[in-house]
Amino acid sequence: YPGQPPPPPGTPGGAPPPPPPGGPPGDGMGADMSGGVAALAAAIGVGADGSSGTLERIRGAMARLDAACATDPAARFSLLPETHEARGAVADVAASAQGDDARVAVAQKIFQKIYERGSGGKSRLHRTAHVAALAALTDGSRVVQREVTGWLVYADEERKCDKEVTEALIRAGVVSGRFLADFDAHLAELIDDSSSSGTPASRLPMELGAHLARHCVLVEPCVEATELGGVLDALAKAATRPTAPEGLAVLVERARAAGDSSNKKPPGGTSASASASGGLFDPQKPDPPGLRETVAQTFDDWARVQDLPAGDTTTSVFVENLAKGRLLHGDDAQERTARILAELAMTHCLGSEIPNSSSTGMSTQGAGPPGSPSRLSYVAVDAFVRLVAALCRRREDPINARLALLGKSLAAVVRLALKDVDERGAAFNPRPYHRALTGLMMEMHAPDASLDSSHPQVLAAFASALLALQPIRVPGFAFSWLELTSHRCFLPRLLVDHNRRGWPLLQKLLTAVLKFLEPSLRGAELTETVRLLYRGTLRLLLVLLHDFPEFLCDHHFNLCDVIPPNCIQMRNLVLSAFPRNMRLPDPFTPNLKVDLLPEITQSPRVITGEADAAFRASQLRADLDAYLKTRSSPNFVATLRARITLDARAAERAGTAYNVPLLNAVVLYVGVQAIAANRKDASSPITHSAPMEVFQRLAAELDTEGRYLFLNAVANQLRYPNCHTHYFSCVLLYLFAEAGSEVVQEQITRVLLERLIVNRPHPWGLLITFIELIKNPRYNFWGHSFTRCAPDIERLFESVARSCIAPPPKAEGQEGPIAA
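Residues numbered from 1 in each chain as written. Predicted model: local features only at pLDDT ≥ 70, side-chain atom pairs only at ≥ 80, totals over all residues. Heavy atoms only, no water.

**Quick word on the environment of T337**
Turning to its location among the elements, T337 is positioned in helix 16 (residues 331-351). Residue classification places T337 among the buried positions, given a relative accessible area of 4%. Once the C-alpha coordinates of T337 and D287 are considered, the two residues, 50 residues apart in sequence, prove to be 9.7 Å apart. Ignoring sequence-local partners within four residues, the contact set of T337 consists of V295, L327 and L328. Here L327 takes part through its backbone oxygen, which lies 2.7 Å from a polar atom of the side chain of T337. (Helix = DSSP H or I, 4+ residues; strand = E, 2+ residues; numbered from the N terminus. Buried < 20%, exposed > 50% of the residue type's maximum accessible area, 1.4 Å probe, protein only. Contact = heavy atoms within 4.5 Å. Polar contact = N/O pair within 3.5 Å; in protein donor to acceptor, adjacent residues only side chain to side chain.)

**Brief notes about the environment of S316**
Examined against the element boundaries, S316 turns out to sit in helix 15 (residues 314-324). A sequence separation of 78 residues divides S316 from R394, and the C-alpha atoms of the two residues are 9.5 Å apart.

**Some remarks on the pattern of salt bridges**
A complete count under the given rule lists 28 salt bridges for this structure. D623 is paired through a salt bridge with R643; the nearest N and O atoms lie 3.0 Å apart. With D623 in helix 29 (residues 619-630) and R643 in helix 30 (residues 636-643), this pair connects stretches of sequence that are 20 residues apart. Look at D623 and you get partly exposed, because its relative accessible area is 26%. The class for R643 is partly exposed, based on a relative accessible area of 32%. (Salt bridge = Lys/Arg side-chain N within 4 Å of Asp/Glu carboxyl O.)

**A short note on the packing of aromatic side chains**
How two aromatic rings sit relative to each other is given by the distance of their centres and the angle of their planes. A full pass over the atoms with the stated rule returns 15 aromatic pairs. With a centroid separation of 5.9 Å and 40 degrees between ring planes, the pair formed by F695 and F710 is classed as tilted. One end of the pair, F695, is in helix 33 (residues 690-701); the other, F710, is in helix 34 (residues 704-715), with 15 residues separating them in the sequence. Across the pair, F710 and F695 agree in class, each one buried. An aromatic cluster is present here, built from F736, F770, Y779, F781, W782 and F786 joined pairwise through their rings. The cationic tip of R750 hangs over the ring face of Y708; the distance from NZ or CZ to the ring centre is 4.2 Å. (Phe/Tyr/Trp six-rings, centres within 6.5 Å; stacked < 30°, edge-to-face > 60°. Lys NZ or Arg CZ within 6 Å of the ring centre and 35° of its normal.)

**Let's talk about the nonpolar core**
Counting residues in each nonpolar core, the largest one holds 105 residues, and the members touching the most others are F384, Y433, F477, W481, F490, L544 and F551. Here the element with the most residues in this core is helix 19 (residues 399-424); it accounts for 10 residues. One finds I114, W151, F183 and L187 within the second-largest nonpolar core, a separate group that totals 67 residues. (Core = buried A, V, L, I, M, F, W, Y, C linked by side-chain atoms within 4.5 Å.)

**Overview of the packing of helix 14 (residues 291-305) against helix 15**
Interaxial distance between helix 14 and helix 15 falls to 10 Å at its minimum, and their mutual angle equals 155 degrees. The angle between the axes of helix 14 and helix 15 places the two elements in the roughly antiparallel class. Relative to helix 15, the crossing made by helix 14 is left-handed. Contact residues: helix 14 offers T298, D301, W302 and V305, while helix 15 offers T314, T315, F318, V319 and L322. (Axes fitted to C-alpha atoms, helices over the stretch in contact; angles between N-to-C directions. Parallel < 35°, antiparallel > 145°, perpendicular 65-115°, else oblique. Left-handed = near helix turned anticlockwise from the far one by under 90°.)

**Some remarks on the side chain of S729**
Within the secondary structure, S729 sits in helix 35 (residues 723-738). With relative accessibility at 6%, the residue S729 sits in the buried group. A polar contact is formed between the side chain of S729 and the side chain of T769, at a distance of 2.8 Å. Discounting residues that sit within four places of it in the chain, S729 has contacts with L718, I768 and T769.

**Some details on the environment of Q112**
Tracing the sequence through the fold places Q112 in helix 4 (residues 100-114). Since its relative accessible area comes to 5%, Q112 is described here as buried. Sequence separation between Q112 and H130 is 18 residues; the distance between their C-alpha atoms is 9.8 Å.

**What to know about helix 14**
Helix length check: helix 14 (15 residues) gives 21 Å between terminal C-alpha atoms against 21 Å at 1.5 Å per residue, within 8%. Of all the residues in helix 14, the buried ones are L291, R292, V295, T298, F299, W302 and V305. Along helix 14, the residues classed as buried sweep out an arc of 155 degrees about the axis, all on the same side. In this structure, the buried residues of helix 14 make contact with helix 15, helix 16 and helix 18 (379-392). (Expected span 1.5 Å × (residues − 1). Arc of directions from axis to C-beta.)

**Here we look at empty space enclosed by the protein**
The tally for this structure, following the rule as stated, stands at 5 cavities of 30 Å³ or more. A volume near 80 Å³ is recorded for the largest cavity. Split by residue class, the lining of the largest cavity holds 9 nonpolar, 3 polar and no charged. (1 Å grid on protein atoms, 1.4 Å probe; cavity = no way out; pocket = protein on both sides within 12 Å on 5 of 7 lines; lining within 4 Å. Points joined across faces, edges and corners; volume = space filled by probe spheres on them. Nonpolar A, V, L, I, M, F, W, Y, C, P; charged D, E, K, R; others polar.)

**Examining helix 25 (residues 528-547)**
In an α-helix, one turn spans 3.6 residues, which is why side chains three or four residues apart end up on the same side. The first and last C-alpha atoms of helix 25 sit 29 Å apart over 20 residues, in line with the 28 Å expected at 1.5 Å per residue. Residues of helix 25 that are buried: V530, L533, Y534, T537, L538, L540, L541, L544 and L545. Along the long axis of helix 25, the arc covered by the buried residues comes to 155 degrees, so they all point the same way. More than 90 degrees from the buried face of helix 25, the exposed residues found are E528, R539 and H546. On its buried face, helix 25 sits against helix 22 (478-485), helix 23 (491-496), helix 24 (503-522), helix 26 (549-562) and helix 27 (568-575).

**Comments concerning the packing of helix 21 (residues 456-468) against helix 24**
Across the interface, helix 21 lies against helix 24 with an axial gap of 10 Å and an inter-helix angle of 15 degrees. By the angle between their directions, the pair helix 21 and helix 24 is classed as roughly parallel. In the crossing of helix 21 with helix 24, the sense of the turn from one axis to the other is left-handed. Contacts from L459, A460, A463, L466 and L467 of helix 21 reach helix 24 at L505, K508 and L509.

**Quick look at the confidence of the model for the protein**
Parts of the prediction with low pLDDT should not have their coordinates interpreted in detail. Here the protein averages 79 in pLDDT, and 83% of its residues register 70 or above. Ranking the elements of the protein by mean pLDDT puts helix 13 (residues 272-276) last, at 32, and helix 22 first, at 95. A low-confidence stretch, residues 1-36 stays under pLDDT 50, and its non-local contacts, those more than four residues away or across chains, total 62 contacts. Scored below 50 in pLDDT, residues 807-820 makes 28 contacts in the model with residues more than four places away or belonging to other chains. (pLDDT = per-residue confidence, 0-100.)

As structure tokens, then:
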């Protein structure tokens, strides 16, 4: 076994040699007695003719297991009913192999079959059923455990680092205890050896270690963090290398923290509060015997009564009996029942898939035309949705109990989707989960006096489910996710009801999709799918601009933090919003006195996010306050540049050398402090002040990239008429007038111009700032060489100037066409 220098494979006391790729010759446990069958025959003491009844039983059980796996390849073994043929075949395999030698021989055959890539190989049921057979053979036999661990360790790199199979072996207890410790040490050594290499193959051990840490310790715990201590230490060391995957260090910290928290639990593994309340749901604890069969029978009964006529009391009686029965008595029972119901519904739906003819190359009865998606039966999913809705609408139950049941049902769907995407990867089918969540939204949207989708906790439950399935976690669910976020039964309620209490939830959802799109948008690498998702997000922002502009007004700061600098039109959409009760002054009015407008003294409502909160709680904020009040530290601005600069690894991940959210927070905070100081003492000019000195020093001392990001942060405050727009417009104009270098003036012009040459809408503050810059002789805009550096540039400036000074017929504030 691994963990100490082993004897050579095949010698007495040594681990068996790794199975040959693709399994032995012949048809597995068929009549060909070569390979593993011959070894099995020798192990049970029969001749090569296979005359033993034991051998026949094992051969028959393996054949039945293969046939059962082919009937429903998308299913999981753990979700199969007790009467399923696969369960009986696994039990027969374990019962027929008596003695360690026979068990080892059968286990070797099964171990080979797990990695088969032929007909039925690598399907979910094939993998989970054969791992369950291995678990049955290792039960009570340390010899089989040792041998299986040895085969895993001495397998080739591709087999050894198969994430799904290795996780299944650990989760089933096939590799556990001292053998898991040996495998942990072996994998840690592989990670240490391979982390310095940059080849794709060398990353396999690191990817396997990260997968085990995420899924076996965090997502669905089956081992303690200490049992994978060597792997976590090796991953932590690998995370310090420049080529380490993004988020690896955070994953290790979370896994270790999960281990620390589990070690702090009282004896018995539950907290004191859980013990007092009768115990909470423990996913590691197996379901009580017969629970799955009872839930399945209940679900079948519900499917028969759900569509009875409205006047029939059978449905209401069924729901009442279920609500009062033991299946929904207590938190643990509700969690398990909701999970099993969701598993039954999704398994039925996925198992009903009929592929179209173009994907199979054959004409399939019931399939759609070529190019159409495969067909699914949503009968079970819809029955699940109606059952949850019926239970949540029972007026006899307390509202908190009904809310809890809805939350548990949504959590069951989310957990199942996350597990499904981990197992199926690119083959993940999001449609059953989209159908379930859409159905629950629509069912809860129906008006109800006590509980419907207008209830804040119902909205919060759906928002939490969507955040758990956000595109950065489940990319295959991205389009379904965007449709659910903008659904007519969810988005309007989130925005209209409860005095803006749903607005922070929508801001988190929009931030999630923008973070997912950011790497592709930043590099302008738009595949067709990314382009479609981007256009869908753009349309969602247009809906908000037209119907709920106050939302964009309040949350523009957070949204601009995650919109890449090169997404000019998307940022303009956000910044063009203005309150519906305001009438924008025409920015093209001759001699418009902006400082005399009544709205220009009003402070806008700005909701800041985590980056601003972190800045306000940091030492940087205290040092900045001290400088703005006393200018006591002449080197403060020089050190500010270093404090907003990222380290090399963070800069590589972010695509920029600067902490853009922190820079945006500093710019807004300095401007707000300057406005507050000016209100206290109106006689003091805003030009010769500590805030303006900070801005001037940043414009002069930052490099080209940092200055561009800084000027963008200033331009992000040029919005509808308010005191922020007025102040930051003055800042840009003053920086242009007082710049000691034409490079700074050219960058200011670039930031303004690139926001004006895209399609409408354009922010009001941006227009009045650029008009002032090109019309006021003080700035001598047309005298600068960069306006005439090339004929194309000169014509561009003249065209924009004509548009700004002589506007087109359509009034500003109305949306123009959106560029594709």
